[in-house]
Amino acid sequence: MKPIPLKYRILPLITATFIGVWYYRNKKDGTTAFLIFGVMYFVSYFIISAAWRDAQTTPLGEGKRIAGVDDGCPAPTIDVALNLKNRQKAIDEFGYGPPNPALPNREFWERKKKMWKVNDDAEVKSMRCGNCAAFDISAKAKACIGQGIGGQDPEQVIDAGELGYCRFLKFKCAAKRTCDAWVTGGPIK
Ligand code: SF4
């Protein structure tokens, strides 16, 4: 975890000094003012360092990260309930699917053609998680997904499902599916 930047270390000092000075000016009681300064300093430092730790485990809206692999794994790779919640959001709000990519899913692809304003089936079907810029199949992402799956050979599940981690919608998605947020240029390796 990165150390707390200087500006966040100074902030509790400024806050405590301000309150201590304010108290001293009003009550003319140096001892109490000093005690207030000390307490305020430690309390505000504690709050700021806790917030910093939390921010370090919450990168770019990615959801909380769980310690274990390097800087930690995105929580949805480990927490099945959170993953399903985010996946449902992806389905409801971003048209993630189709449910079974092995089937024709004509309605699904028609909707995507309309959305992208294209007529070509092949074109719209070429835009999948597998080549989306948000699809993370780096060794680290796979290690995190593997941790969440557990068992002796999680790679089998990852490979069978062609799973990766969607950095936009924060869930484990499958290479053969897609969503309305697809972006060209992936995957992240
Ligand atoms: S943003 Fe990309 S990787 Fe994420 S679900 Fe949509 S198509 Fe898949």
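Criteria and cut-off values
- Residues numbered from 1 in each chain as written.
- Predicted model: local features only at pLDDT ≥ 70, side-chain atom pairs only at ≥ 80, totals over all residues.
- Helix = DSSP H or I, 4+ residues; strand = E, 2+ residues; numbered from the N terminus.
- Near = placed C-beta within 6 Å.
- Nonpolar A, V, L, I, M, F, W, Y, C, P; charged D, E, K, R; others polar.
- Pairing = 2+ DSSP bridges.

Engineer: Can you explain the environment of phenylalanine 94? Please cite residues and give values.
Structural biologist: Inspection of the secondary structure puts phenylalanine 94 in helix H4 (residues 80-94). Separated by 86 residues in the primary sequence, phenylalanine 94 and aspartate 180 have C-alpha atoms spaced 5.0 Å apart.

Engineer: Could you give me a rundown of the site of the ligand, with the residues and numbers involved?
Structural biologist: As a matter of local geometry, the ligand sits amid 14 residues, with Cys129, Cys132, Phe135, Cys166 and Cys179 nearest to it. Classifying every residue of the shell around the ligand gives 13 nonpolar, one polar and no charged.

Engineer: Can you break down the pairing of strand S4 (residues 163-166) residue by residue, with the values?
Structural biologist: Walk down a regular strand and you will see the side chains alternate between the two sheet faces. Note: strand S3 (residues 135-136) against S4, two bridges, orientation antiparallel. When the bridges of S4 are listed, phenylalanine 135 appears paired with cysteine 166. Sheet topology places S4 next to strand S5 (residues 171-174); four bridges connect them, and they run antiparallel. Each bridged residue has a counterpart across the sheet, and for glycine 164 the counterpart in S5 is cysteine 173. Taking the residues between adjacent antiparallel strands as the criterion, S4 and S5 are bridged by four residues, where lysine 170 takes a positive phi near 60 degrees.

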